[in-house]
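Spelled out from the first residue to the last, the chains are:
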Protein chains: 2
Amino acid sequence: MPDPPHAVDPVQLGAYFALIEVSGLLRHAIEQQLREAGDLTFVQFQVLMRLDQAAEGSRRMTELADAIVHSRSGLTYQAGRLEKAGLITRTPSPDDERGVTVTITDAGRALIARVLPGHEEVVGRMLFEPLSREDSQKLSDLLLPVRDHMRAAPPRSAAPRRRGAPG
Amino acid sequence: MPDPPHAVDPVQLGAYFALIEVSGLLRHAIEQQLREAGDLTFVQFQVLMRLDQAAEGSRRMTELADAIVHSRSGLTYQAGRLEKAGLITRTPSPDDERGVTVTITDAGRALIARVLPGHEEVVGRMLFEPLSREDSQKLSDLLLPVRDHMRAAPPRSAAPRRRGAPG
DNA sequence: TATTGTTATACTCTATAACTATA
DNA sequence: TATAGTTATAGAGTATAACAATA
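Only a predicted model underlies this, so the values are computations on that prediction, with no experimental measurement involved. One numbering rule holds for all chains: residues counted from 1, following each sequence as written. Throughout, the order in which chains and ligands are written sets their labels, letters from A for the former and numbers from 1 for the latter. Totals for whole chains, interfaces and linings use every residue, but because this is a predicted model, local features are given only for residues with pLDDT of at least 70 and side-chain atom pairs only at 80 or more, for both listing and counting. Hydrogens and water molecules were not included; the side-chain quantities draw on all heavy atoms of the structure.

Asks: Describe in detail the sheet that holds strand β2 (residues 88–92) of chain A, supporting the description with residues and values.
Replies: Residue and element names in this part refer to chain A. Two strands are said to pair when DSSP picks up at least two bridges between them. Counting from the N terminus, the helices are the DSSP runs of H or I reaching at least four residues and the strands are the DSSP runs of E reaching at least two. If you trace the 3 strands from one edge of the open sheet to the other, you get β1-β3-β2, paired in antiparallel fashion. Of all strands in the sheet, those bounded by a partner on one side alone are β1 (58–60) and β2. Each neighbouring strand pair of the sheet contributes to a mean axis angle of 30 degrees, computed without reference to strand direction. Alignment of β1 against strand β3 (residues 100–104), held across 3 bridges, turns out to be antiparallel. By the bridge assignment, Ser58 is partnered in β3 with Thr103. Contacts: residue pairs with any heavy atoms within 4.5 Å of one another. In this description, a line fitted to the C-alpha atoms serves as the axis of each element, helices being fitted only across the stretch in contact, and the angle between N-to-C directions of two axes falls anywhere from 0 to 180 degrees. Sheet strands in contact with helix α2 (residues 42–53) are β1, β2 and β3, and its direction is about 90 degrees off that of β3. Relative to the sheet, helix α3 (residues 61–68) contacts β1, β2 and β3, its axis offset from that of β1 by approximately 85 degrees.

Below, the structure written as structure tokens:
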């Protein structure tokens, strides 16, 4: 094998480790806050946020699984918890009988509204306190293209290799 | 309700979500690579990296637990796996009989060396491909202060007693 | 008495594979 | 045949609390 085309220099390695540590510490703090404020895991919070932001508060299962990185069975598990808690509903998709449309309930929206202020407080305090408004803008400008790059890239939720591969 | 002291604006919220998604996707890809290349979890990799970078390849248990965000029992569990795999040793600390000094073995260093190229390849491809060298420098400049800020903050490995509801 | 680390335990989450139903 | 989602299952990882040993 020839040299890899994407070697990382020391600066990049440092940025990478900082990214990992920052996101890890942040996530840890956030999970605590969400658990105390609303008995939510971070994954569940993400699901609710996606739904809350979505048109009509609805998304398809696979859409959510892809977005939040889980396997489908993982999302089914989480959806089961959220449904049992009355925070979402699952109904057959109108245009595709195979599909399931997940919708956030009023209780779900209320919970998000209740949890969000404390959530933002934690994020503001931990992540943005040492950053100026300009810095935040820069961070956003740097991360959004990376996110899009990653989204566009290779593997997603399920789908091992048994897809339409070798005939 | 009055505005919280650390409210986040929409730009910041976007940056935060991008950070979470980027680190999540990156970590997911990395875990796959590490598992295939060296049968390592990401946490184990982090432990080995810390030791590899440390003077004499040694750290104390609590030091590692704090750095990598785990509870102590969690680190004990991981250290057990790493020791069983011959990648680290645990010896009583010379200056404090209560303590345990963790040291990376030659095999541990060899494994890091074996795994690192592929690791960097993934990081370079996923994280840095859409960023110029300058961008990477900027990202580093932004994240390192945040990391230090988070490190300086109070909550660490051992969770404080559950008491006193927050405001 | 406080701190370091381990053990026991219980629980959550995740992924794989098999399965059902629809396109 | 391919896709959407669920179920069964099995395994890894985590945190909490109790514990032992040293400071």
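Let's pick the thread back up.
Asks: I'd like a description of the interface of chain A and chain B, backed by residues and values.
Replies: Listed per partner, the contact involves 56 residues of chain A and 56 residues of chain B. Carbon and sulfur atoms supply 75% of the area that chain A and chain B bury against each other, a total of about 5900 Å² over both sides. A side-chain nitrogen of Lys or Arg and a carboxyl oxygen of Asp or Glu constitute a salt bridge if their distance falls within 4 Å. Linking chain A with chain B are 6 salt bridges, by the criterion used here. Ionic pairing is found between Glu21 of chain A and Arg50 of chain B, a salt bridge with its closest N-O pair at 3.4 Å. Within 3.5 Å is the distance limit for a polar contact, defined as a pair of N or O atoms, with the added protein rule that one can donate a hydrogen and the other accept it, and that residues adjacent in sequence qualify only through two side-chain atoms. Across the chain A-chain B interface, the total number found is 12 residue pairs in polar contact (both at pLDDT 80 or more). Within the residue set of the side of chain A that touches chain B, elements represented by two or more residues are α1 (10–38), α2, α5 (106–128) and α6 (133–152) of chain A. Ten residue types, Ala, Val, Leu, Ile, Met, Phe, Trp, Tyr, Cys and Pro, are classed as nonpolar, four, Asp, Glu, Lys and Arg, as charged, and the remainder, Gly among them, as polar. By residue class, the composition of the side of chain A that touches chain B is 31 nonpolar, 13 polar and 12 charged. By buried area we mean the combined loss of accessible area, with a 1.4 Å probe, across both parts when two parts are placed together.

Asks: Hey, could you go over the packing of helix α1 (residues 10–38) of chain B against helix α5 (residues 106–128) of chain B for me, with residue numbers and the actual values?
Replies: Residues and elements named next belong to chain B. At a minimum axis distance of 10 Å, the contact between α1 and α5 shows a crossing angle of 150 degrees. In this view, α1 runs roughly antiparallel relative to α5, as classed from their interaxial angle. The interaxial crossing formed by α1 with α5 has right-handed handedness. Where α1 approaches α5, its residues Val22, Leu25, Leu26, Ala29, Ile30, Gln33, Leu34, Ala37 and Gly38 are matched on the opposing element by Leu111, Arg114, Val115, Gly118, His119, Val122, Val123, Met126 and Leu127. For the contact of α1 with α5, the residue count by class is 13 nonpolar, 4 polar and 1 charged. Should an angle lie under 35 degrees it is considered roughly parallel, over 145 roughly antiparallel, and from 65 to 115 roughly perpendicular; all remaining angles are considered oblique. Left-handed describes a crossing in which the near helix is turned anticlockwise from the far one by less than a right angle; the clockwise case is right-handed.

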